[in-house]
Every structure is written in structure tokens, then in C-alpha cells.
Amino acid sequence: MTEHIEKIRALISSFDQETLEALSKITVVEQFRKGEVLLHQGEICRKSRHIIHGVARKFFFSDKKEITTEFFFKDDLAVSFKSYIHQKPGKEIIECLTDVTVETIDYIAFETVKKQFPQLMEYDILMTELYTIWLEDRLFDFYALSAKERYESILKKSPEYFHHLKLTHIASYLGISLETLSRIRAKI
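Residues numbered from 1 in each chain as written. Predicted model: local features only at pLDDT ≥ 70, side-chain atom pairs only at ≥ 80, totals over all residues. Heavy atoms only, no water.

(A) Local environment of unusual backbone geometry. Here the phi dihedral of D63 falls at roughly 50 degrees; this positive angle occurs in a residue that is not glycine. Structurally, the position occupied by D63 is in the loop between strand 4 (56–62) and strand 5 (65–72). Of note, the phi angle at Q87 is positive, near 50 degrees, even though the residue is not glycine. (Helix = DSSP H or I, 4+ residues; strand = E, 2+ residues; numbered from the N terminus.)

Written out as C-alpha cells, the structure reads:
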């Protein structure tokens, strides 16, 4: 993830002053409490939220079970990508697992400003590319790594927040049962 953050920072540092000011004007810092929902199921994802501090997760319901698809840590973009891009109701819920601080950008405001400042189009493309890479890595890991390796990977991603993740959420994210997760944790 560090390499991705560096790419984003390098691109932003190349922006001219007008572009930086335009981006700054549409960016709002927001605070959310643990348990607050950033996106409800069936709602259109109208905001992208860059996590500054805290942890959130994305999940959906299947047969009355919660299926966790993503955890969002520092420097992650908390968004329901398909809903955001198409501006159609999404299937997922995004909730705060801790108190969370985010930088929020409204979809319509960004689309408007992006037309006036072409460098923001580069930013938009880079963010889409990075999300695609993340998704490809997630799929690869899911099929190529063992459950233990996937568990160790998420443990390394953000160890300072790991204790905020419920074991049921972790098991769901890894695609394993709670019992299997308990066996993995006992061996580490």
C-alpha cells in the first residue's frame, strides 16, 4: 500500500496551485463515531472517503449472515466502487469499527471540478487503477494463499488497529469459519 500512497502523493505534488485549491475547496474533514454507518445498503454512494484515522469495514447480508468484503484502514478509500461510479444504489454497508476521521469528497462536486482542472482527471484515473490493483491482489490472495497466510497478511496491514476487528468479521473476510480462524490463531 505504501507504494500506492507514494504514487498519489507524487501526483498531487505535481498539481498546479489552482488545481490544489479547487481540490481543497471540495474536500471536507469529517469525524464519525464507532458504530456509525457511512453507507447504507440500497443507498447511492455519493461520497468518497479517504481514511485519515480509524477503521471501517464494508459488508453485505447473504442468507441473514454478514459477509465482510473489505476493511478500511489509514490511507484507504472507503467507497462502494460500483455504486460510486454508476451512481446507482449499492449492495454494501460501510460502518465505522472505531471512531474515524475522513477526508470526504462529494461525487458531483468532484465531477464538476474535474472538468475544469484536467490534472484531477489523472487523479481519478490513478485512484481507479489503484483500486483495480487492490482488487486483483485480493482475488489472487483469496485463491493462491492459505487461510493462515491471508490472516497473517491482514494482521500485518494495520497491527495497531487489528484488535478492533471482531473475529467473526475477520473469518468472514477470509472466507473461513470461526472455528478455522481459532485454530489458525492458536498456531501463531
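(B) Looking closely at the side chain of R49. As for its position among the elements, R49 is in strand 3 (residues 47–53). In this structure R49 comes out as buried when scored by relative accessible area, which is 9%. A polar contact of 3.2 Å, which involves the side chain of R49, links it to the backbone oxygen of L38. Excluding residues within four positions of it along the chain, R49 makes contact with E30, F32, L38, D76, L77, A78, V102, E103 and T104. (Buried < 20%, exposed > 50% of the residue type's maximum accessible area, 1.4 Å probe, protein only. Polar contact = N/O pair within 3.5 Å; in protein donor to acceptor, adjacent residues only side chain to side chain. Contact = heavy atoms within 4.5 Å.)

(C) Expanded view of the sheet that holds strand 3. Taking strand neighbours across the sheet as the criterion, the four strands line up as 1-8-3-6 in an open arrangement whose pairing is antiparallel. Each having just a single partner strand, strand 1 (27–32) and strand 6 (77–78) make up the two edges of the open sheet. The pairing of strand 3 with strand 8 (residues 100–106) spans six bridges and is antiparallel. Note that in strand 8 the partner of H50 across the bridge is E103. (Pairing = 2+ DSSP bridges.)

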